[in-house]
Amino acid sequence: MAQKGVQLDQETFSCSICLDLLKDPVTTSCGHSYCMDCIKTHWDEEEDQKKIHSCPQCRQTFTPRPVLVKNTMLAVLVEELKKTGLQAAPADHCYAGPEDVACDVCTGRKLKAVKSCLVCLVSYCEKHLQPHYESPSFEKHKLVDPSKKLQENICSRHDEVMKMFCRTDQQCICYLCSVDEHKGHDTVSAAAERTERQRELELSRLKIQQRIQDREKDVKELQQEVEAINRSADKTVEDSEKMFTELIRLMEKRRSDVKQQIRSQQKTEVSRVKELQEKLQQEITELKRKDAELKQLSHTEDHNQFLHNYPSLSQLSESTDSSSIMIRPLRYFEDVTAAVSELRDKLQDVLTEKWTNISLTMTEEDVLLSQPEPKTRVEFLRYSQEITLDPNTANTHLLLSEGNRRATRMSPQQSYSRHPDRFTKWTQVLSRESLTGRCYWEVEWRGEGVYVAVAYKNIKRAGFSLECNFGRNDKSWALRCETKSYVGWFNNIKTPVSGPQSSRVGVYLDHRAGILSFYSVSETMTLLHRVQTTFTQPLYAGLWFGWSDGDTAEFCKLK
């Protein structure tokens, strides 16, 4: 009873957030106490999500945010507890869960077993195991890793420990079995059979190790092939860059030559035309002078004078040959244009033919890269991706629908089995499908707010650290959707986003181009937030819910 009372005191002076003894204890107006750093961190996270502050135990809300003051009396009591050598109550992870082996000696809430005894057929926690280490009576007892199958060592027929092995029936038996239904069979002690099987096991291990060495050699050779491929590709790129540069330089040279020839011909032709133009202008001037003289002669009244001057004035100078001034409109450089056009067509034919050969190894995704980014919802739907949620990743406060398309935030915990992929603290869930190439999906959400996210598979899952939280690390990107605002998150940096409010968000991913875009989807699509980066791993769609029960998000079926 004294021990139970001490444990009650330990729990009383433990922080319900970190499960350790209180450090710099503070007490809220509702009467609950926490470590100062723990409650500050909790309220900072609440500010990011809902701009309210509440007690993690009773959920009482505080407005405005309370000013925290150290509880001096509580701090003194905690220090006294430490001086007495008491420790905080065992953390939750020390207690046995459904998948753990529980200590058979513990009463009340049982601790995890650290060893099982094959002689006692009992599993012990660290404390109750001590007699096996300290008392000579237990020297010959065999301790093994915790096992739920200890009762399998007891013969169901005779209720005796099975220390024999029947080689005839290939099963463990007790001593009474060997003189009863297994009489006359080839029986040995379990230890002897274990020794024989151990030898076989070692031979199997040798074969496996040899195969491992062979496979490692194969892997090394494949790695050398990868390096050879990379070297060859790098050399080919370098050589092709040089050759294309030479081709471009040659084309530039030819372009310059053609331009120079055209300008030279232009100068020659213009000079010729201007020379004829001057000659004709002189002829016009001479003809005008001659016309004026003849006009004056026509008005002469003296007949003799008229006849005397007429022969000299009536003679005209030789006219310019009209054939030398023939106009050839728009035809001066047609030959050059035709020649360049013919060259262009030939180059196009050659490049098309050769490029077809170069492109034979291109994948379909490479071809898609040349296509423009979608603009309309119809174009986005060409890349629609079927998304379902992975139950093994869902936090226990998330209820998944049948078909695993919808998740709902619930206070009661769901009875999910333990799984290393499960988010233990953050109310998050990831998709079952990995996302590469070009993908598009839509999320319909309801409630106070939901985070629509993508993340790498190797994002951490256990604990409250930001390494596990969508948008708060370099392994995930998120868009917080609330009734009146949007906020983009990456690496714990938030980006305010403006745009029309909608209960449906579209997400477009071009993995190879490093593009991630979020859209408000209603009658039209409006870009809310766009990320340009380099994705190094396949991505998974994700959802993150705050503290409000009933918040729901569903991956839509797209036609």
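Described below are features of the structure shown in this document. Being a predicted model, the structure only gives us computed values, none of them experimental. Chains are numbered independently. Their residues run from 1 in the order of the written sequence. The predicted nature of this model means local features are confined to residues of pLDDT at least 70 and side-chain atom pairs, given and counted, to a pLDDT of 80 or more, with totals for whole chains, interfaces and linings taken over all residues. Values shown for side chains rest on all heavy atoms present in the structure; no hydrogens or waters enter the calculation.

**Some points on the pattern of salt bridges**
No. 1: Within this document, salt bridges are pairs made up of a side-chain nitrogen of Lys or Arg and a carboxyl oxygen of Asp or Glu, the two lying within 4 Å of each other. Summed over all chains, the structure comprises 29 salt bridges.
No. 2: Across the pair D510 and R438 runs a salt bridge, and its minimum N-O distance is 3.2 Å. With D510 in strand β19 (residues 504-510) and R438 in strand β14 (residues 438-446), this residue pair connects regions lying 72 residues apart in the sequence.
No. 3: Burial classification: accessible surface area is computed with a 1.4 Å probe over protein chains only, and a residue below 20% of its type maximum counts as buried, one above 50% as exposed, and the rest as partly exposed. Residue class for D510 comes out buried when judged on its relative accessible area of 4%. Here a helix means four or more residues in a row that DSSP labels H or I, a strand means two or more in a row labelled E, and each is numbered from the N terminus.

**A word on the sheet that holds strand β9 (residues 171-173)**
No. 1: Taking strand neighbours across the sheet as the criterion, the three strands line up as β9-β8-β10 in an open arrangement whose pairing is antiparallel. The open sheet has two edge strands with one neighbour each: β9 and β10 (187-189). On average, each strand axis in the sheet is tilted by 35° relative to the strand beside it, whichever way the strands run.
No. 2: When DSSP locates at least two bridges between a pair of strands, those strands are taken to pair. Note that strand β8 (residues 164-166) and β10 share three bridges and pair antiparallel. When the bridges of β10 are listed, M164 appears paired with S189.
No. 3: Two residues qualify as a contact provided that any one of their heavy atoms is within 4.5 Å of a heavy atom in the partner residue. Under this scheme, a helix contributes an axis fitted over its contacting stretch, all axes are lines through C-alpha atoms, and angles between N-to-C directions fall in the 0 to 180 degree range. Across the sheet, helix α6 (residues 190-298) touches β8 and β10, and the angle it forms with β10 is around 90°.

**Let's talk about unusual backbone geometry**
Most peptide bonds take the trans configuration, and most residues that are not glycine carry a negative phi.
No. 1: The linkage connecting T63 with the following residue, P64, adopts the cis geometry, with an omega of 0°.
No. 2: Tracing the backbone through its elements, the reader meets P64 in the loop between β4 (61-62) and α3 (72-83).
No. 3: Its identity as a non-glycine residue notwithstanding, N404 has a phi of 60°, on the positive side.
No. 4: Here N404 lies in the loop between β11 (398-400) and β12 (406-409).

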